[in-house]
Amino acid sequence: MNRLKELLRLRKRSDKVKAALLLFLLGTLLGADVVSGTADFFIETSKPVEYVLTSGAGGAVLEGRLQSLRQREGVICASRQREYVLTCGGRSLDVIEISPEYISTCFGLTSSGSGREFFLGREAFISFCGAGTASPARLTCLDGEESVGGAFSMCVELPGAAAITKGTSMTLGDSQTLRVMMDGSDVSGLDETWLGELGFSIENREVLTEAAHRLELLLARLRYGGPACLLALALGVQLFAAGRREAG
C-alpha cells in the first residue's frame, strides 16, 4: 500500500512519471503481443499437416515410393486417394476416398463394417444432409450415373468441410494421387525437398504458403515488436527516475 501511495503521489507531481507509466503500459502490451504470437506459432506448427501428392509414375514404381514415404520419420500415415462428387436432391458433396488405416490412424475413426460409410465434418454434414438431420443419416446418392447408398455421419474429428470414406486396394489401386499426414507443419521447405527427391510434387501448395506466412508474421513480431518493447521499457525507466528526482 505504501508503494502504491508513493506512486500516486509521484504521478500527481510529475508529468515525467505519468509518461513513464504510459511507456511501461506500452512496453507490456508489446511484450504480451510478442509472447502470444510466438506461442500461437509453435502451437500451429506442432499440429499435424496433410499433403496431397501427385506422381507421374504408377504401378509398382508408385507403390515402392509409397512404402518409402510410410517409412520416413515424421510421417504419421500415407495412402492412395481418390476424389469424386456425390449428388443428392440438388446438393453435392466432394468426397475423398482413402485407406481404412489412414482414417483410423489420422482421425481415430473406425468403420462399423455394415455397408458404405461416409464421415463428414460438421459444415459438410449440415450442407449435404440438412440442418437438424440426425447422425448418421442414411441417403441414396449418385456418383455420376451410379447409385450409391450409405450412412453419412457427422464427425467433430474432421475439418468442417471435409468428407471422407474408406477405399480398398481395388478402388484405390489405379490412383496416382496420395495423401500423407506429417507430425508437424514444415516452415523450412525441407518437406518439399525430400518429397521431390522421392518423385512427388505437392498439390495443395497452400499448406506451404500458410506455414511460410506464419513464419513471416513471427519474424516481424520479433524484429519490430521485441525492440519496441525494450525501448519503451528503457525510456520508461529513465523518465520515471527523472520524475522521481523532480518530485522529490
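Now for a description of the structure that goes with this document. Keep in mind it's a predicted model, so treat the numbers as computed, not measured. Every chain's residues receive numbers from 1 upward, in the order its sequence appears when written. Local features in a predicted model are, by the rule used here, given only for residues with pLDDT of at least 70; side-chain atom pairs are given and counted only at 80 or more, and totals for whole chains, interfaces and linings are based on all residues. Note that the side-chain values use all heavy atoms of the structure and ignore hydrogens as well as water.

Along an α-helix, a turn takes 3.6 residues, which lines up residues three or four apart on a common side. With a 1.4 Å probe rolled over the protein chains alone, any residue whose accessible area is under 20% of its type maximum counts as buried; one over 50% counts as exposed, and the rest are partly exposed. Where helices and strands are cited, they refer to DSSP runs of H or I of at least four residues and of E of at least two residues respectively, numbered from the N terminus. Those residues of helix α4 (residues 100–107) that sit buried are Y102, I103, C106 and F107. Seen end-on, α4 carries its buried residues on one side only, within an arc spanning 100 degrees. On its buried face, α4 sits against β1 (49–54), β2 (75–80), β4 (91–98), β5 (117–120), β8 (163–166) and β9 (177–182). G108 lies just past α4 and shows a positive phi near 70 degrees. The arc in question is the one spanned by the directions pointing from the helix axis to the C-beta atoms. Every residue pair with non-hydrogen atoms within 4.5 Å of one another is taken to be in contact.

This part takes up the side chain of S175. Within the fold, S175 resides in the loop between α6 (169–172) and β9. Polar contact is the term for a pair of N or O atoms within 3.5 Å; when the atoms are in protein, one must be able to donate a hydrogen and the other to accept it, and sequence-neighboring residues count only if both atoms are side-chain atoms. Of note is the side chain of S175, whose polar atom sits 3.2 Å from the backbone nitrogen of T177.

On to the packing of aromatic side chains. The geometry of an aromatic ring pair is captured by two quantities: the separation of the ring centres and the angle between the planes. When two rings of Phe, Tyr or Trp (its six-membered ring) have centres within 6.5 Å they constitute a pair, described as stacked for plane angles under 30 degrees, edge-to-face for angles over 60, and tilted for the intermediate range. Per the counting criterion, the structure on display carries 4 aromatic pairs. Ring geometry for F41 against F42: centres 5.3 Å apart, planes inclined by 80 degrees, an arrangement best described as edge-to-face. Between F118 and F152, the ring centres sit 4.6 Å apart and the planes meet at 10 degrees, which makes this aromatic pair stacked. Note that F118 is positioned in strand β5 and F152 in strand β7 (residues 146–154), a separation of 34 residues in sequence. Each member of the pair, F118 as well as F152, is classed as buried. One aromatic cluster is present, built from ring pairs that chain together F118, F128 and F152. We call a charge positioned over a ring when the NZ of a Lys or the CZ of an Arg lies within 6 Å of the ring centre and within 35 degrees of the ring normal. Against the face of W194 rests R72, its NZ or CZ located 4.3 Å from the ring centre.

Right, let's talk about the side chain of S99 for a bit. Mapping S99 onto the fold places it in the loop between β4 and α4. Residues contacting S99, with those up to four places away along its chain left out, are S79, R80 and L172.

What is meant by a nonpolar core is a set of buried Ala, Val, Leu, Ile, Met, Phe, Trp, Tyr and Cys residues, joined one to another through side-chain atoms within 4.5 Å. Counting 17 residues, the largest nonpolar core has Y51, L53, L69, V180 and L195 as the members making the most contacts within it. Among the secondary structure elements, those contributing two or more residues to this core are β1, α3 (59–70), β2, β9, α7 (190–197) and α8 (206–247). Not counting residues within four places of it along the chain, the set of residues in contact with L195 comprises Y51, L53, L69, F200 and I202. Counting residues in each nonpolar core, the second largest holds 16 residues, with Y84, A137, C141 and F152 among its members.

Residue S135 is joined to P136 through a cis peptide bond whose omega torsion reads 0 degrees. By secondary structure assignment, the location of P136 is in the loop between α5 (122–129) and β6 (137–143).

On the secondary structure map, L66 appears in helix α3. Judged by its relative accessible area of 1%, L66 falls in the buried class. For the pair formed by L66 and K16, sequence separation is 50 residues and the distance between their alpha carbons is 67 Å. Residue contacts for L66: discarding those within four places in its chain leaves A78, S79, R80, L178 and F200.

Now for the pairing of β4. By the bridge criterion, 7 bridges tie strand β3 (residues 82–88) to β4 in an arrangement that is antiparallel. Bridge pairing links V85 to D94 in β4. Strand pairing is defined by DSSP finding a minimum of two bridges between the two strands. Direction of pairing for β4 relative to β8: parallel, over a ladder of 3 bridges. If you follow I96 over to β8, its bridge partner there is I164.

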